[in-house]
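For reference, the chains in residue letters:
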Amino acid sequence: MLGPFRKMSKKSLTYRLISRMAKSPVISTISFAAILFFIYADSLMSSINNANIKTSEVLPSPQTTSSPQTTTPLVGGEEQVATSFNSLPVAVSTTPERKIEEETENEDPLIPPFKASVDERMEWFRRKLPELEILKSNELSEKFHGRVLELFNNKCSAQFFMVWLSTAQSFGPREFLAVDSLFSTSPDGCLLILSSSLDTPKGFGILKPLVDRGFNVLAVTPDVPFLVKNTPAEAWLDDLKSGNMDPGSVPLFNHLSDLIRLAVLYKYGGVYLDTDFIFLKDLSGLRNVIGAQSINQVTKKWARLNGAVMIFDVHHPVLLEFLKEYATTFNGNRWGHNGPYLVSRVLERIGDNSEYNITIFPPKAFYPVDWIKIAKLFKKPETEADSKWADDTLADISSESYVVHLWNKRSRELKIEEGSVMARLIADHCNICENIYDP
């Protein structure tokens, strides 16, 4: 009976054979030559296999697909590969160019070097300027205005805008839920997502489940020079592109997102929202509204506003004031200075000037839960007291709030637990309702 088989390394096998040869001089010379040939041949085959592996990494097989796909024409005349939301992420193309694009997708040229001095940062920024396509008009972005008009020519009950300057891969289930819930409250609305990364085959695949259900949603590469043309921010953009302005230590995409939302509302009018909301009520009936994030407990007046939700008519004068403030007080080193703090500064300066015709909603409308307390909404009730709190909170939010801000910077990694307030809110305000419990 054979004993247990023990795997032996090539080194160990070679050593034992040589030891036996030393005891049998008659065959030692022949055997030694044979062993050397065996080792050399094995090494040669290993090198060939490694070379083949590296070659296949550079030149992927054209048959490499994970699921059946269809090709759908989009606005702008380009063909896009469509796939289901559940199969993401998928390879939409297996050409070497597409592979390189996907491998470098997370290399963001808008993030400055850590702890660089002003001079070092400006030198870095000048080197990066040629890579910053978002600051230029190109063949695709120049179609922006026409594509916007085509989308909004669909008898929209309201014009909604979101901005997404991160990668398509990072537009995850949580962001998709925000878009999904928007159409649960405004099924006849039109949503424009200003995003070059989602204006791609991969991006179209992400949004396709909503398009297939007849909802009007489109991701379009923004034309920033067009958006700021003839506004106070036009000179600011020219200065930035000249390389003579310090972009700041905060990643530039944060500041550009603040600018784009103001500019697109000024050009077209409508409803701007961040991508971390759950929609509870239709916003299409609101006009010239912004929300308070917090109130002064003594005076009962707003203490801070937030631009995560803004609803304004086209060419509203306060939007021009926002753009002027952005261009004249830009600070790239302070988070929020060009965003929520900006709208607070301007409206505090304007005061109760009736010429602007603005309504400031209380925190309950758009920000019913403070970012410090948001985590509790994701937790499943464990006790009877927890269950009562969850029921009361759900009833309160459902009756008084239009939307719920999820404060993604705080909650992105939190899992939505079954039975939680958040799970129950989403379940009542979604169409596709997939991946609810995925962060």
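Just so we're clear, the structure is a prediction, and the values are computed from it rather than from any experiment. (Residues numbered from 1 in each chain as written. Predicted model: local features only at pLDDT ≥ 70, side-chain atom pairs only at ≥ 80, totals over all residues. Heavy atoms only, no water.)

J.: Just checking my understanding: could you explain the packing of helix 6 (residues 173-185) against helix 7 (residues 201-212) for this structure?
T.: Packed helices, taken two at a time, are described by their axes: the angle between them and the distance between them. Running from N to C, helix 6 and helix 7 point in directions that differ by 20°, and their axes come no closer than 11 Å. It follows that helix 6 is roughly parallel to helix 7 by the angle criterion. Crossing of helix 6 over helix 7 shows right-handed handedness. Seen from helix 6, the contacting residues are Phe 176, Val 179, Asp 180 and Phe 183; seen from helix 7, they are Ile 206, Pro 209 and Leu 210. Of the residues in the contact of helix 6 with helix 7, the class split is six nonpolar, no polar and one charged. (Axes fitted to C-alpha atoms, helices over the stretch in contact; angles between N-to-C directions. Helix = DSSP H or I, 4+ residues; strand = E, 2+ residues; numbered from the N terminus. Parallel < 35°, antiparallel > 145°, perpendicular 65-115°, else oblique. Left-handed = near helix turned anticlockwise from the far one by under 90°. Contact = heavy atoms within 4.5 Å. Nonpolar A, V, L, I, M, F, W, Y, C, P; charged D, E, K, R; others polar.)

J.: Looking at this structure, how should I read the sheet that holds strand 3 (residues 159-163)?
T.: Hydrogen bonding along the main chain pairs the strands of a sheet, whether they run parallel or antiparallel. Reading across the sheet, the seven strands line up as 5-4-3-6-9-8-10 and stay open at both edges, with mixed pairing between neighbours. The outermost strands of the open sheet, each flanked by one partner alone, are strand 5 (216-220) and strand 10 (359-361). Across the sheet, the mean angle separating the axes of adjacent strands is 30° when strand polarity is ignored. Examined bridge by bridge, strand 3 and strand 4 (residues 190-194) share five bridges and lie parallel to one another. From the neighbouring strand, Phe 161 faces strand 4, where its bridge partner is Leu 192. Where helix 5 (residues 144-151) meets the sheet, its contacts fall on strand 4 and strand 5, and the angle it forms with strand 5 comes to roughly 175°. Each of strand 3, strand 4, strand 6 (270-273) and strand 9 (302-312) touches helix 10 (residues 252-268); the most contacted strand, strand 3, lies at about 160° to it. (Pairing = 2+ DSSP bridges.)

This is a description of form; function is not addressed.
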